[in-house]
Amino acid sequence: GWLAGGGKVVWGGGSAHTATQSIKTPSLPFFISLDPPFDKCEDKCGEGEGDAKSRGLLRGTFPSSHPHPLRERFMLIGMIFLLFVGGYYGIGSVVKSHGRTHALNTSLDDAIPFVPTFIFFYGWCYTAMFYPAFVIRCPYLFRRLCVAFMLVLSVCYTVWCAFPVSAANLRYDSNALDINAFDGWCVSLNYKLDPPVNCFPSLHVATAVLSGGSAWRARPVFGYIATPTVFVITLAVVFVKQHFVADAIVGFGLGVLAYYALVHRARTPAHNAAYSWWGPGLYLVLHCSVYLAVYVVFATGWKPM
């Protein structure tokens, strides 16, 4: 069970909750209080809206509601981003210097052609993990998503160290790329920035699946919007020859498992679990801004060598 602020001990994670005698208990840290009871204020979700009475009820009903939800959200995003970048490049550097890697080539990998245009779909994986921050309004659902992200990172880092896989022999010849074309230039840039290690499982695919699933949990239509993007990212990682087919399949499965283990089971309020349509709109602005910035660099004539 868990202790709810306001002095009630509530047991169980399902619909049957039994309240015992009132006792004074401290609020639990936000990273432990992942399942608030929504029986008294199911449409507020700890955001601090409403009159003074509602705000008081929120403090008593939802343990450790953060007084600055946006500050908490940016703190969590920043922490996960630093873990992502630090672990990805740190492990990649160690694996490359160690020199002992595996290849997962199959006849299907050899049959899949290199299609540079898919790099524009592949690019979605770099912003996909930020999509939930723009659509999930409920802080408890967002916290569960962050735990799920950290679970995926932990699994990937462990496998990368224990069974390092390299796609160096899978990649298209960089010297044969047409870097005067925008798609060829982007592939060359991606090859330069993204090392050919840390392949199995695909973290890009896993985070895209988890992001799309969490958006669906907050508001199904936002998940439906993300579904095509998740699938084209999964295809793109193999069509730009950045991952083996096995990397994509296992990464997809890892994202699904993390979603059902932590996000799908989250108890969300009946209303206001997601932001309105301005959320996906702002995310699209962010994504297009990233693409525009990359195109500006391409237009300057700089070559990723």
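Structure: above.
Fair warning: this is a prediction, and the values are worked out from it, not measured in the lab. (Residues numbered from 1 in each chain as written. Predicted model: local features only at pLDDT ≥ 70, side-chain atom pairs only at ≥ 80, totals over all residues. Heavy atoms only, no water.)

For the rest of this paragraph, the subject is the overall build of the protein. A tally of regular secondary structure across the protein gives 12 helices and 2 strands. Each helix and strand of the protein, placed in order from N terminus to C terminus, yields the pattern β-β-α-α-α-α-α-α-α-α-α-α-α-α. For the protein, the residues scored as buried account for 49% of the 305 residues in total. Considering only intrachain contacts with a sequence separation of at least 6, the fraction spanning at least 24 residues in the protein is 82%. (Helix = DSSP H or I, 4+ residues; strand = E, 2+ residues; numbered from the N terminus. Buried < 20%, exposed > 50% of the residue type's maximum accessible area, 1.4 Å probe, protein only. Contact = heavy atoms within 4.5 Å.)

In this fold, valine 115 is placed in the loop between helix 3 (107-111) and helix 4 (119-122). Contacts of valine 115, omitting those with residues within four sequence positions, involve Phe239 and Val240.

Spacing of three or four residues puts side chains on the same side of an α-helix, whose turn is 3.6 residues. Its 20 residues place the ends of helix 10 (residues 220-239) 29 Å apart at the C-alpha level, agreeing with the 28 Å of an ideal helix rising 1.5 Å per residue. The sharpest bend along helix 10 comes to roughly 30°, located at alanine 226, with the proline proline 228 sitting one to four residues further on. The complete set of buried residues in helix 10 reads Phe222, Gly223, Ala226, Thr229, Val230, Ile233, Thr234, Ala236, Val237, Val238 and Phe239. Turning to helix 10, the residues buried within the fold contact helix 4, helix 5 (125-128), helix 6 (131-135), helix 9 (203-218), helix 11 (245-263) and helix 12 (278-299). (Expected span 1.5 Å × (residues − 1). Bend = angle between axes of the 7 residues up to and from the residue.)

Below, the discussion takes up the layout of surface pockets. In this structure, the largest pocket encloses a volume near 620 Å³. Looking at the largest pocket, it is lined by 25 residues, and the ones nearest its centre are Gly123, Tyr126, Asn190, Leu193 and Val290. The set of elements that each furnish at least two residues to the lining of the largest pocket consists of helix 2 (69-98), helix 4, helix 5, helix 8 (182-193), helix 9 and helix 12. For the lining of the largest pocket, the residue count by class is 19 nonpolar, 5 polar and 1 charged. (1 Å grid on protein atoms, 1.4 Å probe; cavity = no way out; pocket = protein on both sides within 12 Å on 5 of 7 lines; lining within 4 Å. Points joined across faces, edges and corners; volume = space filled by probe spheres on them. Nonpolar A, V, L, I, M, F, W, Y, C, P; charged D, E, K, R; others polar.)

Under the criterion given, the structure shown has 1 salt bridge. Close ionic contact of arginine 143 with glutamate 72 constitutes a salt bridge, the shortest N to O distance being 2.8 Å. On the criterion of sequence distance, the pair formed by arginine 143 in helix 7 (residues 139-162) and glutamate 72 in helix 2 is long-range, its members being 71 residues apart. On the basis of relative accessibility, which here comes to 2%, the residue arginine 143 falls in the buried class. (Salt bridge = Lys/Arg side-chain N within 4 Å of Asp/Glu carboxyl O.)

So, about the packing of helix 9 against helix 10. Think of two packed helices as two axes; the pair is described by the angle between the axes and how far apart they sit. The interhelical angle for the contact between helix 9 and helix 10, taken along N-to-C directions, is 170°, at an axis separation of 7 Å. On the basis of the axis angle, helix 9 is roughly antiparallel to helix 10. Packed against helix 9, whose contacting residues are His204, Val205, Ala208, Val209, Gly212, Ala215, Trp216 and Ala218, the element helix 10 presents Pro220, Phe222, Gly223, Tyr224, Ala226, Val230, Ile233, Thr234 and Val237 at the interface. Its residues assigned to classes, the contact of helix 9 with helix 10 shows 13 nonpolar, 4 polar and no charged. (Axes fitted to C-alpha atoms, helices over the stretch in contact; angles between N-to-C directions. Parallel < 35°, antiparallel > 145°, perpendicular 65-115°, else oblique.)

With that settled, consider empty space enclosed by the protein. To find leftover empty space, a probe the size of one water molecule is rolled over the atoms. Tallied over the entire structure, the rule returns 1 cavity of 30 Å³ or more. Each pocket or cavity is described by its volume, and for the largest cavity that value is around 90 Å³. Elements represented by at least two residues in the lining of the largest cavity include exactly helix 2, helix 6 and helix 7. Counting residues per element, the lining of the largest cavity draws most heavily on helix 7, which supplies 4 residues. Its residues placed into classes, the lining of the largest cavity shows 11 nonpolar, no polar and no charged.

Right, let's talk about helix 9 for a bit. Counted at 1.5 Å a residue, the expected span for helix 9 with its 16 residues is 22 Å, and the 23 Å between its end C-alpha atoms agrees. With 14 of 16 residues buried, helix 9 is to be regarded as a mostly interior element.

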